There are 2 protein chains.
Amino acid sequence: MTTPTLAPASPPTLDDVLAAHERIRPHIHETPVLTSRFIDGAAGASLFFKCENLQKAGAFKARGASNAVFSLTEAQAARGVATHSSGNHGTCLSYAAGRRGIPCTVVMPRTAPQAKKDAVRGYGGRVVECEPSTTSREAVFAEVVAETGAEFVHPYNDPRVIAGQATCARELIAQVEGLDAVIAPIGGGGMVSGTCLTLSALAPGIRIYAAEPEQADDAHRSLKAGRIIADDAPVTVADGLKVPLKDLTWHFVSRHVTDILTVSEAEIVAAMQLIWKRLKIVMEPSSAVPLAAILRNPHVFAGQRVGVIITGGNVDLDKMPWQ
Amino acid sequence: MTTPTLAPASPPTLDDVLAAHERIRPHIHETPVLTSRFIDGAAGASLFFKCENLQKAGAFKARGASNAVFSLTEAQAARGVATHSSGNHGTCLSYAAGRRGIPCTVVMPRTAPQAKKDAVRGYGGRVVECEPSTTSREAVFAEVVAETGAEFVHPYNDPRVIAGQATCARELIAQVEGLDAVIAPIGGGGMVSGTCLTLSALAPGIRIYAAEPEQADDAHRSLKAGRIIADDAPVTVADGLKVPLKDLTWHFVSRHVTDILTVSEAEIVAAMQLIWKRLKIVMEPSSAVPLAAILRNPHVFAGQRVGVIITGGNVDLDKMPWQ
């Protein structure tokens, strides 16, 4: 067994974002921005919802995955890509690999939902199952890489991925003028880091907030402590937000995020219902966390123009969290 | 009691549509067009979903209602508007009246869902309840008009309403080039009539289809018979499509619609699930009828570019039809 190939660890720059945007444009949607007078009334602010749930493969992660896949040399591409993920990154990496016509392997616990496995396979990727433990995942993943020589694309701690996610904020500031703030949910910090990268370079006057479940508030505690703190197996309905920050995302979050606001599980579900009902979009619990944070902290956003990133729409339609 | 004021009965023209578009532009969204490679694969065609579920008040009927409300003279406006509707038209008329700051009364059976009554009131309109019978509705409605002098805005058999709905197809042909066909669900025929009006004048090469539940196939049978046939209390999950054609909508449908395709209840629910899952939008069962018709009749649309009108998004999120 060999160690998985690691991406270079220096943080991406604005030039990387601009190059990423050109590279991935044929493979992603410029997603629409939706508004609701009713929600604005409830929030006491003007909210502009950037709908990455309407992105290819149903999540913003199609941006970063596409940038990673289409950055590979021909020789690298021939060996394919691999990752471990039971969430949107696995699906989106499979999507991007399928667009380039190269192999993709996703290591996933055998206990992961069947729908997630089907989604990876639906775009042509291969699922390799491991036991639901870090030890098993790392061992199985190392085997996959040793066998295939595939390029490892980490879900967020990868400069190619962060540069790809950063294209979302670039679209948003072209679509909506005069934003005062942008808020996104934070798990590993890929979207928030990309937002920091773009806004700090192109629109440094826009404040950046992150939002997180109280029950998985590792990023909030990290920002207060000034160092990365990881949660031990957090439990939250916002299942996309359980993973910890890593060095590259900490680099951006620690420098550019004004505050990380936390919300309760009930607040997440209520905000999710409000968005489904008023914006008429299907989105994940994780994507409701920023609106929940705005509604809980009206003094922070009163009268302002706020971009709100709706990160993904891959949700089990047979089990609504309010039912 | 006096007879309700009737709108002039001559069919609207392209000039009416252009005037309507200027008039309502500040009050409506230019709704986005979404696509799905997966759904295209299933259909064997390129489908462009025009998302009127993302329209103000959650339905295309905000267009026609806004055009009617903002066409009124000051004297008429001062007396307000009235309609009978337990569906989107009542909500949308209340929305439009609220934008102009004039009274709106909606007569609705006392058995109508609480959510529909709340929606009318949420935009500032007044709900007057009647018994769930045509006799009671007509009597109560006549009383309302006698008391208030309000202008009657019919849900579809009104030239101002049809001209408003026609602005949707005008947006669509500006957003998507080279369409071969457009398909919309048909109930009373307001959206289909507006589509006929716009396309026959501006893009006569685009074929127009309507789609209807088998269990409420009055428009299909009307087109075959060459005269309006009304169903007697049809039962379908697509509850927006139960009403019959009237003279103004029959004028357009009989002249310009290529065919009216019918689908089963199970096909409607399956198409609805497919749209929720793949397009990540919340929409009504009625809005799924066109996709169901395309999937049932692949030979009609094979390889073509087809505009599909998603008419509305006001659905009870606690009761999915597939649960």
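Residues numbered from 1 in each chain as written. Chains lettered and ligands numbered in written order. Predicted model: local features only at pLDDT ≥ 70, side-chain atom pairs only at ≥ 80, totals over all residues. Heavy atoms only, no water.

### Some words on the overall build of chain A
Then comes step 1: Across its full length, chain A holds 14 helices and 10 strands.
Then comes step 2: Computed over its C-alpha atoms, the radius of gyration of chain A comes to 18 Å, within 12% of the 20 Å expected for a compact globule of 323 residues.
Then comes step 3: Taking contacts inside chain A between residues at least 6 apart in sequence as the whole, the part at least 24 apart equals 73%.
Then comes step 4: Of the charged side chains in chain A, 31 are positive and 32 negative; the average position of the first set lies 3 Å away from that of the second. (Helix = DSSP H or I, 4+ residues; strand = E, 2+ residues; numbered from the N terminus. Rg over C-alpha atoms; globule rule 2.2 N^0.38 Å. Contact = heavy atoms within 4.5 Å. Lys, Arg positive; Asp, Glu negative; His and termini not counted. Charge placed at Lys NZ, Arg CZ, Asp CG, Glu CD.)

### A closer look at the state of the cysteines
Residue and element names in this part refer to chain A.
Then comes step 1: Applying the stated criterion across every chain, the model contains 0 disulfides over all chains.
Then comes step 2: Between Cys 168, a cysteine without a disulfide, and Cys 51, which holds the nearest cysteine sulfur, the sulfur-to-sulfur distance is 9.9 Å.
Then comes step 3: For Cys 168, a relative accessible area of 0% corresponds to the buried category. (Disulfide = S-S within 2.5 Å. Buried < 20%, exposed > 50% of the residue type's maximum accessible area, 1.4 Å probe, protein only.)

### Concerning the packing of aromatic side chains
Then comes step 1: Under the criterion given, the structure shown has 9 aromatic pairs over all chains.
Then comes step 2: Ring geometry for A:Tyr209 and A:Phe301: centres 5.0 Å apart, planes at 65°, overall edge-to-face. Of this pair, A:Tyr209 sits in strand 8 (residues 207-213) while A:Phe301 is found in helix 14 (residues 298-301), placing the two residues 92 residues apart along the sequence. For the pair A:Tyr209 and A:Phe301, a shared accessibility class is recorded, and that class is buried.
Then comes step 3: Considering the side-chain rings of B:Trp276 and B:Trp322, the 5.3 Å spacing of their centres and the 85° angle between planes classify their relative orientation as edge-to-face. Here B:Trp276 is found in helix 12 (residues 265-279), whereas its partner B:Trp322 is found in the segment after strand 10 (305-310), with 46 residues between them in sequence. (Phe/Tyr/Trp six-rings, centres within 6.5 Å; stacked < 30°, edge-to-face > 60°.)

### Overview of the sheet that holds strand 6 (residues 151-152) of chain B
Residue and element names in this part refer to chain B.
Then comes step 1: With parallel pairing, the 4 strands of this open sheet are ordered in space as 5-4-3-6. A strand with exactly one partner marks an edge of an open sheet, and here the two such strands are strand 5 (126-130) and strand 6.
Then comes step 2: Relative to strand 5, strand 4 (residues 104-109) runs parallel, the two being bridged by 5 bridges. By the bridge assignment for strand 5, Val 106 is matched with Val 127. (Pairing = 2+ DSSP bridges.)

### Considerations on the interface of chain B and chain A
When the parts come together, some accessible area is lost, and that loss is often what is quoted as the size of the interface.
Then comes step 1: Tallying the contact residues gives 28 residues for chain B and 28 residues for chain A.
Then comes step 2: Taken together, both faces of the contact between chain B and chain A bury some 2000 Å²; the carbon and sulfur share is 54%.
Then comes step 3: Counting the surface chain B buries against chain A, the share from its top three residues, B:Arg37, B:Lys280 and B:Leu317, is 31%.
Then comes step 4: One can count 0 salt bridges joining chain B with chain A.
Then comes step 5: There are 10 residue pairs in polar contact (both at pLDDT 80 or more) connecting chain B and chain A. (Buried area = accessible area lost by both parts, 1.4 Å probe. Salt bridge = Lys/Arg side-chain N within 4 Å of Asp/Glu carboxyl O. Polar contact = N/O pair within 3.5 Å; in protein donor to acceptor, adjacent residues only side chain to side chain.)

### Topic: the domain arrangement of chain A
All names here are of chain A.
Then comes step 1: According to the domain assignment, chain A contains domain 1 (14-59 + 158-310) and domain 2 (62-152).
Then comes step 2: Every contact between the two is made by 24 residues of domain 1 and, on the other side, 17 residues of domain 2.
Then comes step 3: Contact with domain 2 buries area across many residues of domain 1, yet His 27, Ala 57 and Arg 160 alone supply 42% of it, more than any other trio.
Then comes step 4: Linking domain 1 with domain 2 are 3 salt bridges, by the criterion used here.
Then comes step 5: The shortest N-O distance in the salt bridge between Arg 160 and Glu 151 comes to 2.9 Å.
Then comes step 6: Linking domain 1 with domain 2 are 14 residue pairs in polar contact (both at pLDDT 80 or more), by the criterion used here.
Then comes step 7: Elements represented by at least two residues in the side of domain 1 that touches domain 2 include exactly helix 1 (14-24) and helix 8 (159-175).
Then comes step 8: Among the elements that take part in the side of domain 1 that touches domain 2, helix 8 stands out by supplying 8 residues, more than any other.
Then comes step 9: Taken together, the residues of the side of domain 1 that touches domain 2 break down into 9 nonpolar, 7 polar and 8 charged. (Domains from an automatic or database assignment. Nonpolar A, V, L, I, M, F, W, Y, C, P; charged D, E, K, R; others polar.)

### Some remarks on the packing of helix 5 (residues 88-100) of chain A against helix 6 (residues 114-122) of chain A
All names here are of chain A.
Then comes step 1: Two elements in contact, helix 5 and helix 6, have axes whose closest approach is 8 Å; the angle formed by their N-to-C orientations is 15°. Between helix 5 and helix 6, the angle falls in the class roughly parallel. Handedness of the crossing formed by helix 5 with helix 6: left-handed. Contact with helix 5, carried on its side by Asn 88, Gly 90, Thr 91 and Ser 94, involves Lys 116, Ala 119 and Val 120 of helix 6 and no other residues of that element.
Then comes step 2: Tallied by class, residues from the contact of helix 5 with helix 6 come to 2 nonpolar, 4 polar and 1 charged. (Axes fitted to C-alpha atoms, helices over the stretch in contact; angles between N-to-C directions. Parallel < 35°, antiparallel > 145°, perpendicular 65-115°, else oblique. Left-handed = near helix turned anticlockwise from the far one by under 90°.)

### Some remarks on the nonpolar core
Then comes step 1: In this structure, A:Trp276 and B:Trp276 are the most contacted members of the largest nonpolar core, which totals 82 residues.
Then comes step 2: For B:Trp276, the contacting residues outside a window of four places in its chain are A:Trp276, A:Val282, A:Leu317, B:Ile281, B:Val282, B:Met283, B:Val315, B:Leu317, B:Met320 and B:Trp322. (Core = buried A, V, L, I, M, F, W, Y, C linked by side-chain atoms within 4.5 Å.)

### Examining helix 7 (residues 134-148) of chain A
Residue and element names in this part refer to chain A.
Then comes step 1: Taking 1.5 Å per residue as the helical rise, helix 7 with its 15 residues ought to reach 21 Å, and the 21 Å between its terminal C-alpha atoms agrees with that figure.
Then comes step 2: Of the residues making up helix 7, those classed as buried are Ser 136, Val 140, Phe 141, Ala 142, Val 144 and Val 145.
Then comes step 3: Contacts made by the buried residues of helix 7 are with strand 3 (81-84), strand 4 (104-109), strand 5 (126-130) and strand 6 (151-152).
Then comes step 4: Positive backbone phi, approximately 70°, marks Gly 149, located one or two places after helix 7. (Expected span 1.5 Å × (residues − 1).)

### Some details on the relation of the copies chain B and chain A
Then comes step 1: When chain B is fitted to chain A, the residual RMSD is 0.0 Å, and the transformation amounts to a turn of 180° plus an axial shift of 0.0 Å. Here the symmetry operator amounts to a two-fold rotation axis. For chain B, the residue whose C-alpha comes nearest the rotation axis is B:Ile281, separated from it by 2.1 Å.
Then comes step 2: Taken as a fraction of all interface residues of chain B, those also at the interface in chain A reach 100%, which identifies the copy contact as same-surface. (Least-squares fit on C-alpha atoms with pLDDT ≥ 70 in both.)

### What about the pairing of strand 7 (residues 181-185) of chain B?
All names here are of chain B.
Then comes step 1: The buried count for strand 7 comes to 5 of 5 residues, which makes it a mostly enclosed element.
Then comes step 2: The two faces of strand 7 match: Ala 181, Ile 183 and Pro 185 on one face and Val 182 and Ala 184 on the other face are all buried.
Then comes step 3: When strand 7 meets strand 8 (residues 207-213), the two strands line up parallel, connected through 5 bridges. Bridge pairing in strand 8 links Pro 185 to Ala 211.

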